[in-house]
Amino acid sequence: MELLLAVVAGTLYATGIYLMLRRRLAQLIVGLSMIANGSNVLIFTAAGLTRGKPPIIEEDAVGMANLDGAFADPVPQSLILTAIVIGFGVLAFSLVLAHRVHASAATDDIDAIKPEPT
Amino acid sequence: MILLVLPIVIPFITAIVLKVLPYRPRLLHGVAFAGALGILVAAITLLVRVESQGTQVLQIGGWPAPFGITLVADLLSAMLVVMVGIIATAVTAQSFAGVDPRREQLGYHTLIHVLLMGVSGAFLTGDLFNLYVWYEVMLIASFVLMALHRTRDQLHAAFTYVTINLIASAFLLTAIGLLYGQAGTLNLADLSIAWAQRRTPALDGALAMLFLTAFGIKAGLFPLFFWLPASYHAPPPAIGALFAGLLTKVGVYSMIRVFSLLFREPDAILYSFLLVLSIVTMIVGLVGAAAQRDFRRILAFNLVGHIGFTTVGIALWTPFALGASIFYILHHMLVISNLYLLSGLILRIRRTTDLGALGGLYRSRPALSILAMIPIFSLAGIPPLSGFLAKLAIVASAIQANQFILAGVALTVGLMTVLSMARLWQEVFWKAGPDEPDRSPLGRVMPIPVIALATLTLALTVAARPVFDLSTRAAEQVLDPQGYVQAVLGVD
């Protein structure tokens, strides 16, 4: 499972970078959100996966010497939740910004929308 | 220690009040200014407390250290929060006269206070993920400030700025994820213990580079600086002053804090790498500045170049060098913000900051020209101003560390700054220019923040000894994180 998720994270990063290098507004933003989601999967995977257990220490596990695997680590879950919320807000903002840039430059080619040289 | 939370809560409350208030300029200005002043007062009180009683710690919600979020103020954090207060007050004061009512209606002052909350939070937090959250608070506010009242130029600048900063955030988040996976904690003090036990060479190198990239982008370090000159000239000068004074320094501060707690070996490859980057940053920044023909673009390149000076101390990693860097950061925050505010005055008088269209201001406004000499020549490092002392300390620490190439480069770059600043003053004020009346009156409010910051620059020059001693003590605290760890985790 870890291997699969590691590959997923890597693919998301790679796809994100590829899309950003396409130098088009829409692809750039999709690429950015893919990288953000890639890092979310990475946090989740790197912190270790626990299957089918809630992030609560159950009563019969209290007093066990080794709690490994007895409960899911709640910290990465809350980290990702925070990161998703932040990522959503930022994504919404950059979509609007990209729309404005597109409206003012009438193209979505990033190379063509440079500001006037000074 | 309730005092610790005030520099974050005051701008937060101010931002909310500003948002719900009806649009009445005087009321808005009063609240915004009171908020900024409140941060300054709280920060100074905090610094006095930290100076006399040592590192202050607040466990949010009463959760003990590795579990809850901790706010920590050591000397370095407290000094930087004081600078936040100073720059906030100056920028807010100039905005009263310098910003158009349209922007104010769109929530200009609210956003400034949200940004200030993010910056104070980043300086005070003792938790790595919390640092990321404050970064985002600060970034989202800065994104909107950048794009507010969209002109074509500003939109493009904002888009560059947003993209590069989102990439930096992704790097930071990746580093945090990997670090948590290995160490199982995100409290910085706890991390410094856990990471020392669990570090592996492979992950160590990867993490160091991820952090360096993330913070390097924010700080504007070579080769990741290109977004900064491409965007800082576009928003109103008061915003430029805020960004230049605070945002890049947050990147430098994060480097100092995270590296000192996680990567402590002084001879690690990270530090030699950082040294090379600092040297190249200095050179590229000042060479870039020489090619520019616009007041604010010259400032942006100077900002980049001088970030190199501040990271030298991190790379050398001795108390004296790091103390010099901290002193340099304080000096540079004051001076570069002041220069941006000054460019606001000139933009007001002449409606342009293009050097070709400027000139002759010495004849029409001699007092302003003399005033402008203080920040301009302080940045240039002309004795006896604070910039000279700061550069002297950096060069001395380079020689002390037997880095003669670095000392040579620092001196050369110092000379190039003199050239760049002398040219700036000569082009704007001295050369014969278009003999035209002022396009719009300067008013009485706009120059006051510039005068105030110039006075503080002079004060920093006169009081250089105590401030430098304080910086060195802050550096010693940073280099010996035992005290920090003990203060956060309790007696160990």
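That block above? That's the structure.
Residues numbered from 1 in each chain as written. Chains lettered and ligands numbered in written order. Predicted model: local features only at pLDDT ≥ 70, side-chain atom pairs only at ≥ 80, totals over all residues. Heavy atoms only, no water.

A. Geometry of the packing of aromatic side chains. All names here are of chain B. One pass over the structure, following the stated rule, counts 24 aromatic pairs over all chains. Ring centres of Tyr-362 and Trp-430 lie 5.0 Å apart, and the angle between their planes is 55°; this geometry places the pair in the tilted category. Of this pair, Tyr-362 sits in helix H15 (residues 361-364) while Trp-430 sits in helix H18 (residues 404-430), and the two are 68 residues apart along the sequence. By relative accessible area, Tyr-362 is classed as partly exposed at 33%. (Phe/Tyr/Trp six-rings, centres within 6.5 Å; stacked < 30°, edge-to-face > 60°. Helix = DSSP H or I, 4+ residues; strand = E, 2+ residues; numbered from the N terminus. Buried < 20%, exposed > 50% of the residue type's maximum accessible area, 1.4 Å probe, protein only.)

B. Representation of the interface of chain A and chain B within the structure. With 34 residues of chain A at the contact, the number on the chain B side is 28 residues. The junction of chain A with chain B conceals about 2,700 Å² of combined surface from both sides, 78% of it contributed by carbon and sulfur atoms. For the pair chain A and chain B, the number of links is zero salt bridges. The interface formed by chain A and chain B includes two residue pairs in polar contact (both at pLDDT 80 or more). When residues in the side of chain A that touches chain B are grouped by element, the largest group, 15 residues, is from helix H3 (residues 74-105) of chain A. Broken down by class, the residue content of the side of chain A that touches chain B amounts to 24 nonpolar, six polar and four charged. (Contact = heavy atoms within 4.5 Å. Buried area = accessible area lost by both parts, 1.4 Å probe. Salt bridge = Lys/Arg side-chain N within 4 Å of Asp/Glu carboxyl O. Polar contact = N/O pair within 3.5 Å; in protein donor to acceptor, adjacent residues only side chain to side chain. Nonpolar A, V, L, I, M, F, W, Y, C, P; charged D, E, K, R; others polar.)

C. Fine view of the environment of Thr310(B). All names here are of chain B. Secondary-structure assignment places Thr-310 in helix H13 (residues 295-316). Separated by 305 residues in sequence, Thr-310 and Val-5 place their C-alpha atoms 27 Å apart. A distance of 2.6 Å separates a polar side-chain atom of Thr-310 from the backbone oxygen of Ile-307.

D. View of the side chain of His332(B). Residue and element names in this part refer to chain B. Considering the arrangement of structural elements, one finds His-332 in helix H14 (residues 319-350). Assessed through its relative accessible area of 0%, His-332 is described here as buried. Discounting chain neighbours no more than four positions away, the residues touching His-332 are Lys-249, Asn-302, Leu-303, His-306, Ser-337 and Leu-379.

E. Just helix H3 (residues 75-98) of chain B, in detail. For H3(B), which comprises 24 residues, the first-to-last C-alpha distance of 34 Å matches the rise-based estimate of 34 Å (1.5 Å per residue) to within 8%. Burial runs high along H3(B): 21 of the 24 residues are buried. (Expected span 1.5 Å × (residues − 1).)

F. Fine view of unusual backbone geometry. A cis amide bond links Phe222(B) with the next residue in sequence, Pro223(B), at an omega value of -5°. With respect to the secondary-structure elements, Pro223(B) resides in the loop between helix H9 (201-219) and helix H10 (227-231). Cis geometry marks the peptide bond from Pro383(B) to Pro384(B), where omega comes out at 5°. Within the secondary structure, Pro384(B) sits in the loop between helix H16 (366-380) and helix H17 (386-400). The residue Arg23(A) is not glycine, and still its phi comes out positive at about 60°. As for its position among the elements, Arg23(A) is in the loop between helix H1 (2-20) and helix H2 (25-46). Arg23(A) gets classed as partly exposed once you look at its relative accessible area, which sits at 38%.

G. Spatial organisation of helix H1 (residues 6-20) of chain B. When the terminal C-alpha atoms of H1(B) are compared, their 21 Å separation across 15 residues agrees well with the 21 Å that a helix rising 1.5 Å per residue should span. Of the surrounding elements, those touching the buried residues of H1(B) are helix H2 (25-53), strand E2 (70-73), H3, helix H5 (108-124) and helix H6 (128-147) of chain B.

H. The arrangement of the layout of surface pockets in detail. Put simply, the second largest pocket is a space of about 610 Å³. Elements that contribute at least two residues to the lining of the second largest pocket include exactly H3 of chain A together with H6, helix H7 (152-183) and helix H8 (188-198) of chain B. Broken down by element, the residue count for the lining of the second largest pocket peaks at five residues, all from H3(A). Class assignment of the residues belonging to the lining of the second largest pocket gives a composition of 12 nonpolar, nine polar and four charged. (1 Å grid on protein atoms, 1.4 Å probe; cavity = no way out; pocket = protein on both sides within 12 Å on 5 of 7 lines; lining within 4 Å. Points joined across faces, edges and corners; volume = space filled by probe spheres on them.)

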